[in-house]
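Remarks on the overall topology
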Amino acid sequence: MPEANPELQNEVAGLIVSALNLEVNPHEIPPDAPLYGEGLGLDSIDILEVALVVSRHFGFQLRADNADNVHIFSSLANLTRHIAANRTK
C-alpha cells in the first residue's frame, strides 16, 4: 500500500470531523491513533457514516463485508492509504 499522503490525510480527517460533527480540529487527529473505540472514539455507526462519506467523496465503494475493514479503519493513516490506492476521484 502507498504511504499516507499528508495532504490527503488532512482532507480525510476533515471529512471525518465534518461528517460526524466532531469537536476536534482535523489536524489534531493522530495518524496512527485508533479511529474505533479508544483513540478517536468512533463506534460502528460512526464508521458506517465515514464509509459513506468517503465512498461519495472519492468515488469507490467501501463494503461492509470487506474482510480488511478492521485494518482499513484502524487508523487515519490506514484509511488514507486505502483511499489513495482505490480512489477514482
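Structure: see above.
Throughout, residues of each chain are indexed from 1 in the direction in which the sequence is written. Totals for whole chains, interfaces and linings use all residues, but because this is a predicted model, local features are given only for residues with pLDDT of at least 70 and pairs of side-chain atoms are given and counted only at 80 or more. Hydrogens are left out, water is left out, and the side-chain values use all remaining heavy atoms of the structure.

1. Regarding the overall build of the protein
Check the secondary structure of the protein and you find four helices and zero strands. Moving toward the C terminus, one meets the helices and strands of the protein in the order α-α-α-α. Radius of gyration here uses only the C-alpha atoms, and the compact-globule reference equals 2.2 Å multiplied by the residue count raised to the power 0.38. Radius of gyration (C-alpha) of the protein: 12 Å, near the 12 Å computed for a compact globule of 89 residues. Relative accessibility decides the category of a residue: with a 1.4 Å probe and only protein chains considered, values under 20% of the type maximum give buried, values over 50% give exposed, and everything between is partly exposed. Taking all 89 residues of the protein together, 37% fall into the buried category. Pairs at least 24 residues apart make up 63% of the contacts formed inside the protein by residues separated by at least 6 positions. With the model as given, the accessible surface of the protein reaches about 5300 Å², and the carbon-plus-sulfur share is 50%. One finds the centroid of the 5 positive side-chain charges in the protein at a distance of 12 Å from the centroid of its 12 negative side-chain charges. Each helix corresponds to a stretch of at least 4 residues labelled H or I by DSSP, and each strand to a stretch of at least 2 residues labelled E; elements are numbered beginning at the N terminus. Throughout, a residue-residue contact means that at least one pair of heavy atoms, one from each residue, lies within 4.5 Å. What sets the accessible areas is the Shrake-Rupley method with a 1.4 Å probe; for residues, cover comes only from the shown protein chains. We count Lys and Arg on the positive side and Asp and Glu on the negative side, and we leave His and both chain ends out. By convention, the point assigned to a charge is CZ for Arg, NZ for Lys, CD for Glu and CG for Asp.

2. Some thoughts on the packing of helix α1 (residues 6–20) against helix α2 (residues 44–58)
Lines fitted to C-alpha atoms define the axes here, with helix axes fitted over just the stretch in contact, and angles between the N-to-C directions of these axes take values from 0 to 180 degrees. At their nearest, the axes of α1 and α2 sit 10 Å apart, and the two run at 125° to each other. One element, α1, and the other, α2, form an angle in the oblique class. The interaxial crossing formed by α1 with α2 has right-handed handedness. Of α2, the residues touching α1 (which contributes Leu8, Glu11, Val12, Leu15, Ile16, Ala19 and Leu20) are Asp46, Glu49, Val50, Val53, His57 and Phe58. Residue classes in the contact of α1 with α2 are distributed as nine nonpolar, one polar and three charged. In these notes the angle categories are as follows: under 35 degrees is roughly parallel, over 145 is roughly antiparallel, 65 to 115 is roughly perpendicular, and the rest is oblique. Rotating anticlockwise by less than a right angle from the far helix to the near helix defines a left-handed crossing, while the corresponding clockwise rotation defines a right-handed one. Note on residue categories: nonpolar means Ala, Val, Leu, Ile, Met, Phe, Trp, Tyr, Cys or Pro, charged means Asp, Glu, Lys or Arg, and polar means any other residue, Gly included.

3. Describing the pattern of salt bridges
Salt bridges are defined as contacts in which a side-chain nitrogen from Lys or Arg sits within 4 Å of a carboxyl oxygen from Asp or Glu. Here the structure, examined in full by the defined rule, presents one salt bridge. Between Arg63 and Asp65 there is a salt bridge, and its shortest N-O distance comes to 3.0 Å. Overall, Asp65 belongs to the exposed group, its relative accessible area being 57%.

Everything listed here is a matter of geometry and, on its own, says nothing about what the molecule does.
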